[in-house]
Amino acid sequence: MRIALAQLTSSRSLDDNLGLVRSTLAEAGRRRADVVVLPEATMRAFGNSLTDIAEPLDGPWATAVRAAADEAGVVVVVGMFTPGVPGTVRNTLLVHGRGVETHYDKIHLYDAFGFLESDTVTAGKEPVTFTVDGVTFGLATCYDVRFPDLFTATAEDGAQIQLVCASWGAGPGKAEQWDLLVRARAVDSTCFVVAVGQSDPEAAGVEAHHGAPTGIGRSAVVNPFGHLVERLGSGPDILYVDLDVAAVEKAREVLPVLANRVRL
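Once a new chain begins, its residue numbering starts again from 1 and follows that chain's sequence as written. For a predicted model such as this one, the threshold for reporting local features is a pLDDT of at least 70, and the threshold for listing and counting side-chain atom pairs is 80 or more; totals across whole chains, interfaces and linings nevertheless cover every residue. Only heavy atoms go into the side-chain values, all of them from the structure, while hydrogens and water stay out.

A. Up close: unusual backbone geometry. Although it is not a glycine, cysteine 142 adopts a positive phi angle of roughly 45 degrees. Relative to the assigned elements, cysteine 142 resides in the loop between strand S9 (135-141) and helix H3 (148-156). Not every positive phi belongs to a glycine, and arginine 218 is a case in point at roughly 65 degrees. The way it works is that DSSP assigns letters per residue, a run of H or I at least four long becomes a helix, a run of E at least two long becomes a strand, and they are numbered from the N terminus. Assignment of secondary structure puts arginine 218 in the loop between helix H5 (201-204) and strand S12 (220-222). Assessed through its relative accessible area of 26%, arginine 218 is described here as partly exposed. Think of it in three bands: residues with accessible area under 20% of the maximum for their type are buried, residues over 50% are exposed, and the middle band is partly exposed, with areas taken using a 1.4 Å probe on protein chains only.

See the structure below:
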């Protein structure tokens, strides 16, 4: 299973961001990727208005992303915004390609470090998995990575690879927390974790809004024992990894934490 981690910095412009998605998917298709993972808030960067651009899953932005994924022959996982309860949006991951069609609405909202995502976002309620060529993926978005139960729930639903799409907030200790959490969730669920974040706007030459979680980069791949496989830096980049999910079953034989789990 070849996965492309597309670390980028999105902006306010939906058209420009769609252009980034199209070019990324085209390149990933040429590189024979199976699944292409883009960050949370790829549709529009945090720090900008969201309710005015939120659209249904069959809206024009999402439809254009689907067309680009189909042309490239890949499965895309990308962060966008769909309508929530009146006056709010849902922080949504769109998943499409090779016969897969699903989405995940972020469950745990980022009401932390002075940011109140719940002021503008309606929370999702259900864990989501999807399967490509016999490999099952779990979905999570940014702040979700602090909550192990989501990852064990999707692992128990068959996930072998956990995808985390993020726009991680900068600040003292935040990079270290990100690095720790993506490794911890791999150990909790005995899965590979593929964590893809927005790149640091400064490194990308994009103006960021102060106080908004606009990204630090450091996208990473972690194996089921929590060992770092590879990590990107802070700027825009794309990483290709070939994962053998047989390693997941071997890890679960040695470290059967899912089987040994006691629900308290």
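Continuing now.
B. Fine view of the nonpolar core. Ile3, Phe130 and Ile161 are the most contacted members of the largest nonpolar core, which has 45 residues in total. Two residues form a contact once any of their heavy atoms are found within 4.5 Å. Setting aside chain neighbours within four positions, we find phenylalanine 130 in contact with Val75, Val77, Val95, Val100, Thr102, Val135, Thr136, Phe137, Leu139 and Leu163. Among the nonpolar cores identified, the runner-up in size contains 39 residues, and Ala6, Leu8, Ala54 and Met80 belong to it. Remark: nonpolar core denotes a set of buried residues (Ala, Val, Leu, Ile, Met, Phe, Trp, Tyr, Cys) joined through side-chain atoms within 4.5 Å.

C. Here's a closer look at the pattern of salt bridges. Throughout this description, the term salt bridge denotes a Lys or Arg side-chain nitrogen within 4 Å of a carboxyl oxygen of Asp or Glu. Per the stated rule, a full pass over the model turns up 14 salt bridges. For glutamate 40, the salt bridge is made with lysine 106, and the minimal N-O distance between the two is 3.2 Å. Note that glutamate 40 is positioned in the loop between strand S2 (35-37) and helix H2 (60-72) and lysine 106 in the loop between strand S5 (100-105) and strand S6 (111-112), a separation of 66 residues in sequence. For lysine 106, the salt bridge is made with glutamate 117, and the minimal N-O distance between the two is 2.9 Å. With lysine 106 in the loop between S5 and S6 and glutamate 117 in the loop between strand S7 (115-116) and strand S8 (129-132), the pair connects residues that are 11 residues apart, well separated along the chain. Linked through salt bridges whose partners overlap, the residues forming this network are Asp149, Glu156, Arg261 and Arg263.

D. Here's a closer look at helix H1 (residues 14-30). Every helix has an expected span of 1.5 Å times one less than the residues it contains. Helix length check: H1, at 17 residues, gives a terminal C-alpha distance of 24 Å against a target of 24 Å (1.5 Å per residue), a fit within 8%. Among the residues making up H1, those that are buried are Leu14, Asn17, Leu18, Val21, Thr24, Leu25 and Ala28. The arc that holds every buried residue of H1, seen down its axis, measures 125 degrees, which confines them to one face. Seen from the open side of H1, the exposed residues pointing more than 90 degrees away from its buried face are Asp15, Asp16 and Arg30. The arc refers to the directions leading from the helix axis to the C-beta atoms.

E. Representation of H2 in the model. The end-to-end C-alpha distance of H2, which contains 13 residues, comes to 18 Å, matching closely the 18 Å that a straight helix rising 1.5 Å per residue would cover. All of the buried residues in H2 are Trp61, Ala62, Ala64, Val65, Arg66, Ala68, Ala69 and Ala72. On the buried face of H2, the contacting elements are H1, strand S3 (75-83), strand S4 (89-97) and S5. A positive phi of about 75 degrees marks glycine 73, the residue just after H2.

F. Up close: the packing of H3 against helix H4 (residues 174-189). Helix axes are fitted to C-alpha atoms over the stretch in contact, other axes to C-alpha atoms as well, and angles between N-to-C directions run from 0 to 180 degrees. Their axes nearest at 9 Å, the elements H3 and H4 cross at an angle of 40 degrees. Of the possible angle classes, the one that applies to H3 and H4 is oblique. Two packed elements cross with a definite hand, and for H3 against H4 that hand is right-handed. Contact residues: H3 offers Pro148, Phe151, Thr152 and Ala155, while H4 offers Arg185, Asp188 and Ser189. Roughly parallel means an angle under 35 degrees; roughly antiparallel means over 145; roughly perpendicular covers 65 to 115; every other angle is labelled oblique. Here a crossing is taken to be left-handed if its near helix is turned anticlockwise relative to the far helix by less than a right angle, and right-handed if that turn runs clockwise.

G. Expanded view of the pairing of strand S1 (residues 2-7). Most of S1 is tucked away, with 5 of its 6 residues classed as buried. Being paired, for any two strands, means DSSP has found at least two bridges between them. With 6 bridges connecting them, S1 and strand S14 (residues 237-242) associate as antiparallel partners. Across the sheet, leucine 5 pairs through a bridge with leucine 239, a residue of S14. Where S1 and S2 come together, 3 bridges link them in parallel fashion. Residue pairing across strands places leucine 5 opposite valine 37, the latter belonging to S2.

It is worth stressing that arrangement in space is one thing and function is another; only the former is reported here.
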